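For reference, the chains in residue letters:
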Amino acid sequence: MTSDKSPHLPTDGATYGALDVGGTHVTGALIAFDQRQPVVRSVTRVSLQPNGSAEHLLSTIATCADSLAGPAGMDWGVAVPGPFDHERGVAQYRSVGKFDALYGVDLGGELSARMQARPGSLTFVNDAEAFLLGEWSHGAATGHERVVGITLGTGVGSAFLAEGTIVADGPLVPPEGRADLLHHDGRPLEDTVSRRAIIRRYRERAGQTLDVHDIAARARGGEAAARTLLDETFRALGQALDPWLLRFAPTLVVVGGSMTGSWDLLEPAISSGFTGRYAASGVLARAAHPDTAALVGAVHPLRRTERLE
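Because the structure is predicted, anything quoted here is derived from the model rather than measured.

*Asks:* Help me out: how do you make sense of the pattern of salt bridges in this one?
*Replies:* Any two side chains of opposite charge can pair, on the condition that their charged atoms come close. Within the structure shown, the criterion is met by 14 salt bridges. The partner of Asp 211 in a salt bridge is Arg 195, and the shortest N-O contact between them spans 3.0 Å. Of the two residues, Asp 211 sits in the loop between α4 (195-206) and α5 (212-220) while Arg 195 sits in helix α4, which places them 16 residues apart along the sequence. What makes Arg 195 partly exposed here is its relative accessible area of 33%. For the salt bridge of Asp 231 with Arg 227, the shortest nitrogen-to-oxygen distance reads 3.4 Å. Separated by 4 residues within a single helix, Asp 231 and Arg 227 lie in helix α6 (residues 224-248), roughly one turn from each other. For Asp 231, a relative accessible area of 21% gives the class partly exposed. Accessibility expressed as a relative area gives 34% for Arg 227, which makes it partly exposed.

Structure below.
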């Protein structure tokens, strides 16, 4: 995968707009394909307040799109976290720690009305699925037939892929393919594995409110409370995922999201929660393109549509 901030795009293929809406920011880029390789350009990142008003969230996302200066009529792929009705483009966030103000909002219609250059189409893709599609097509998961993707940011995102197709139902995957719906020790997984949970538990143990990267820094510095907390947190993730890995039988679990900046701490802790053939398999891999994989994956459905036409 190549990346370039130049606004000039290759002329031998279609150009798409891509947005990746995260819990604390939105990232945008223009994407073209040169000899089937994605060329990611004009990357921009804008902070947003996850608990902000609907107007703040919508205008921030539209502003990010506008900053790319794409032409009117361009097709866009938008990676968004669940719960979200991706077919209708309607947000369904309620009591999930972010974006509550968007509940019931027609994101497609609202963004189309706000963007300066009216889009040809807006296609919404689950952000974890977009991440996995990006890493599978041009990243760490290339060449693997069965892969699991995990994103660690404000919460836990997941996707399961077999032979290039997302698997979101059936006995081999969690309900809707969503790890955030799993439980650990009788509680929702995100009560243990999420940004808010880690911050809360560290505050309870150490009496300070620090973000995850600061807690990780203290763990590396030898602070027992920080290291124990992170070990417990990500061992729980491994334990929650383990039965589904045994069922789905991936050859790789690729991990992305902002928390992978602490991969040296996460990888051994997650692995310690695995049993059976995955206990010492080295199945975990950090994303090759953590900042752009979801952007490339967001336009994956658009490229497929183009090839069918």
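*Asks:* What is the right way to look at the nonpolar core in this model?
*Replies:* The tendency in soluble globular proteins is for nonpolar side chains to be buried as a group. The biggest cluster of nonpolar side chains holds 40 residues, and the ones touching the most others in it are Leu 152, Phe 234 and Leu 237. Within the residue set of this core, elements represented by two or more residues are β9 (146-152), β10 (156-162), α4, α5, α6, β14 (252-256) and α7 (263-271). Per-element tally for this core: the top contributor is α6, with 10 residues. Sequence-distant contacts of Leu 152, defined by excluding residues within four places in its chain, comprise Val 193, Phe 234, Leu 237, Val 255, Gly 256, Gly 257, Ser 258, Met 259 and Leu 266. Core analysis: the second largest hydrophobic core is formed by 27 residues, Leu 19, Leu 58, Leu 68 and Phe 99 among them.

*Asks:* In this structure, what is going on with α5? I would like to understand it.
*Replies:* Think of an α-helix as turning once every 3.6 residues; residues three or four places apart then point the same way. Every buried residue of α5 is listed here: Val 212, Ile 215, Ala 216 and Ala 219. Projected onto a plane normal to the axis of α5, the buried residues spread over an arc of 100° and lie on a single side. For α5, the secondary structure elements touched by its buried residues are α4, α6 and α7. Trailing α5 by a residue or two, Gly 222 shows a phi angle of about 100°, which is positive.

*Asks:* Is there a simple way to think about α6 in this case?
*Replies:* End to end, α6 covers 35 Å across 25 residues, agreeing with the expected 36 Å (1.5 Å per residue, within 8%). A maximum bend of about 40° is found in α6 at Asp 242, where proline Pro 243 lies one to four positions downstream. Just beyond α6, the residue with positive phi is Ala 249, at close to 60°.

*Asks:* Just checking my understanding: could you explain the side chain of His 300 for this structure?
*Replies:* Note on placement: His 300 falls in helix α9 (residues 300-308). Accessibility expressed as a relative area gives 13% for His 300, which makes it buried. In this structure His 300 touches Leu 133 and Trp 136, once residues within four positions along its chain are discounted.

*Asks:* Just to check I follow, could you spell out the packing of aromatic side chains for this structure?
*Replies:* Any two aromatic rings considered together are summarised by their centre-to-centre distance and by the angle between their planes. Under the definition given, this model contains 4 aromatic pairs. Here the aromatic rings of Tyr 93 and Phe 99 are separated by 5.3 Å at their centres, their planes lie at 70°, and the arrangement is edge-to-face. You can call Tyr 93 buried: its relative accessible area is 2%. With relative accessibility at 2%, the residue Phe 99 sits in the buried group. Aromatic pair Phe 160 and Phe 248: ring centres 5.2 Å apart, planes at 80°, arrangement edge-to-face. Highlighted residues: Phe 160 in strand β10 and Phe 248 in helix α6, separated in sequence by 88 residues.

*Asks:* It is not clear to me how the pairing of β9 should be interpreted in this structure. Could you clarify?
*Replies:* The element β9 is extensively covered by neighbouring structure, given that 6 of its 7 residues are classed as buried. Sheet analysis places β9 next to β10, joined by 7 bridges and oriented antiparallel. Looking at the pairing, Leu 152 lines up with Val 156 of β10. If you look at the hairpin formed by β9 and β10, you'll find 3 residues sitting between the two strands. Bridge analysis of β9 against β14 gives 5 bridges, and the strand direction is parallel. Within the sheet, the bridge partner assigned to Val 148 lies in β14 and is Val 253.

*Asks:* Even after reading the chapter, I still don't get the layout of surface pockets, so can you show me in this structure?
*Replies:* Sizing a probe to match a water molecule and rolling it over the atoms shows the empty space that remains. What the second largest pocket holds in volume is close to 420 Å³. Around the second largest pocket sit 16 residues that line it, and Glu 87, Phe 124, Val 125, Glu 129 and Pro 301 are the ones nearest its centre. Elements that contribute at least two residues to the lining of the second largest pocket include exactly β8 (121-126), α3 (127-138), β11 (165-166) and α9. Across the lining of the second largest pocket, the residue classes tally to 6 nonpolar, 6 polar and 4 charged.

Analysis parameters
Residues numbered from 1 in each chain as written. Predicted model: local features only at pLDDT ≥ 70, side-chain atom pairs only at ≥ 80, totals over all residues. Heavy atoms only, no water. Salt bridge = Lys/Arg side-chain N within 4 Å of Asp/Glu carboxyl O. Helix = DSSP H or I, 4+ residues; strand = E, 2+ residues; numbered from the N terminus. Buried < 20%, exposed > 50% of the residue type's maximum accessible area, 1.4 Å probe, protein only. Core = buried A, V, L, I, M, F, W, Y, C linked by side-chain atoms within 4.5 Å. Contact = heavy atoms within 4.5 Å. Arc of directions from axis to C-beta. Expected span 1.5 Å × (residues − 1). Bend = angle between axes of the 7 residues up to and from the residue. Phe/Tyr/Trp six-rings, centres within 6.5 Å; stacked < 30°, edge-to-face > 60°. Pairing = 2+ DSSP bridges. 1 Å grid on protein atoms, 1.4 Å probe; cavity = no way out; pocket = protein on both sides within 12 Å on 5 of 7 lines; lining within 4 Å. Points joined across faces, edges and corners; volume = space filled by probe spheres on them. Nonpolar A, V, L, I, M, F, W, Y, C, P; charged D, E, K, R; others polar.

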